[in-house]
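Chain and residue survey
Chain by chain, the residues:
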Amino acid sequence: MRLLRDVPLWLLCAAIPVIVGNCRARETMRFDRLEYIQNEFPGSPNTLVIDGNGQVGYESHSNEATPKVPEIGTWRMSLRADTMDTLRKLLDSPPINSLPDHWGRLRPGEDSRRIRVVAGSDTVEKLVGYREPVDPGMQKVIDALDQIVVEAQTHPLNVMRIALEQPSVSPDRVLSITLSLSNPGSEPLTCRNVATMIGESDGQLSFQAWPDKPRSELKSEELLVLSPTSIKDTSPDGNSRSTPACLELLPGKSISRLIRLPFASSTTGGYLIRAVYMNPATQLEGHPVLAGELYSLPIPVTIP
């Protein structure tokens, strides 16, 4: 076996940078902060944030792209060490800064996904739209982040869920239906009072209805947009004359409101109907409130 003392000094010096370089090459990318931003709701995008220590926060302000999950709000969780290692390797092989994206080719206001990785004083930012094909390496990163979003949404912090229940239709085609707002999270949440959202320009509670038939057979003119004529508090103290601007949803609790919706006289047959809660304001009368657009699951109704 050849001893190191027999190796010329110049050869050892030349080999040291190579050895160090190879060690560094085997290290996976470490980041201080990773942000995954989807601009579905103007001014308040859906945002996933992952800290370098594995802490995850997710804020959703629109469920338009995921209508089967009728919730918006905030979720918190921690990633396992092996999941963090997998994510670091994904960002490093190939390096995310080398992956092609759609920067400079998106139209104004076009839906997109933004990935921002901060490591020390270095920041890598990628912008990906929906019109053009996505690079396979970039798609793997997006798929991994989407999966973390799905996992995060099993750990609600303060979240608003919306649902429609107990529909009934009078002979004069007026629909009475119960709107339920609930918070499945572990902390209280403040939202705008739906009773103050009839006919408002800065926030609305509306309803969409369409014939109950295959989507491929639907025509655009068959979509109906309905506005409530009355919203009644069904709680025991719901007869109070005051109508607060905000409602507090306590953890694990729900509130219900009875809604009346008239259908046009020409409307008959089976329909699907869903509620649309739309509030762009983050502050109301000095109180922080949940901003966003929230679509309920559709339920069937029959108009005589």
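1. Some thoughts on the pairing of strand β15 (residues 269–279)
Of all 11 residues in β15, eight are buried, a share of seventy percent or more. Inspection of the sheet shows strand β10 (residues 204–211) paired to β15 by eight bridges, in the antiparallel sense. The residue bridging Trp210 from the neighbouring strand is Leu272, located in β15. Across four bridges, the pairing between β15 and strand β18 (residues 292–295) is antiparallel. Residue pairing for β18: Asn279 is matched across the bridge by Gly292.

2. Some details on unusual backbone geometry
The phi torsion of most residues other than glycine is negative, and most of the peptide bonds are trans. A cis geometry characterises the amide bond from Ser93 onward to Pro94, with omega recorded as 0°. Structurally, Pro94 is set in the loop between α2 (81–92) and β5 (113–119). The phi dihedral of Arg173 falls on the positive side, at around 65°, and the residue is not glycine. By the element assignment, Arg173 lies in the loop between β7 (156–169) and β8 (174–182).

3. A word on the confidence of the model for the protein chain
With 87% of its residues at a pLDDT of 70 or more, the protein chain has an overall mean of 87. In this model, residues 16–26 is a region of pLDDT below 50 whose contacts with residues beyond four sequence positions or in other chains number zero contacts.

4. Examining the pairing of strand β3 (residues 55–60)
Two strands pair when backbone bridges link them, and strand β2 (residues 46–51) and β3 are joined in this way by four bridges, in the antiparallel orientation. Among the inter-strand pairings, Ile50 is bridged to a residue of β3, identified as Val56. Across six bridges, β3 lies against strand β4 (residues 71–78) in antiparallel orientation. Note on β4: the bridge partner recorded for Glu59 is Thr74.

5. What about the packing of α2 against helix α3 (residues 136–152)?
Running from amino to carboxyl end, α2 crosses α3 at an angle of 155°, the nearest separation of the two axes being 10 Å. Judged on the interaxial angle alone, α3 and α2 are roughly antiparallel. Taken as a pair, α2 and α3 cross one another with a handedness that is left-handed. Across the interface between the two elements, Leu87, Leu90 and Leu91 from α2 touch Lys140, Val141, Ala144, Leu145 and Ile148 from α3. A per-class count over the contact of α2 with α3 returns seven nonpolar, no polar and one charged.

What counts and what doesn't
- Residues numbered from 1 in each chain as written.
- Predicted model: local features only at pLDDT ≥ 70, side-chain atom pairs only at ≥ 80, totals over all residues.
- Heavy atoms only, no water.
- Buried < 20%, exposed > 50% of the residue type's maximum accessible area, 1.4 Å probe, protein only.
- Helix = DSSP H or I, 4+ residues; strand = E, 2+ residues; numbered from the N terminus.
- Pairing = 2+ DSSP bridges.
- pLDDT = per-residue confidence, 0-100.
- Contact = heavy atoms within 4.5 Å.
- Axes fitted to C-alpha atoms, helices over the stretch in contact; angles between N-to-C directions.
- Parallel < 35°, antiparallel > 145°, perpendicular 65-115°, else oblique.
- Left-handed = near helix turned anticlockwise from the far one by under 90°.
- Nonpolar A, V, L, I, M, F, W, Y, C, P; charged D, E, K, R; others polar.

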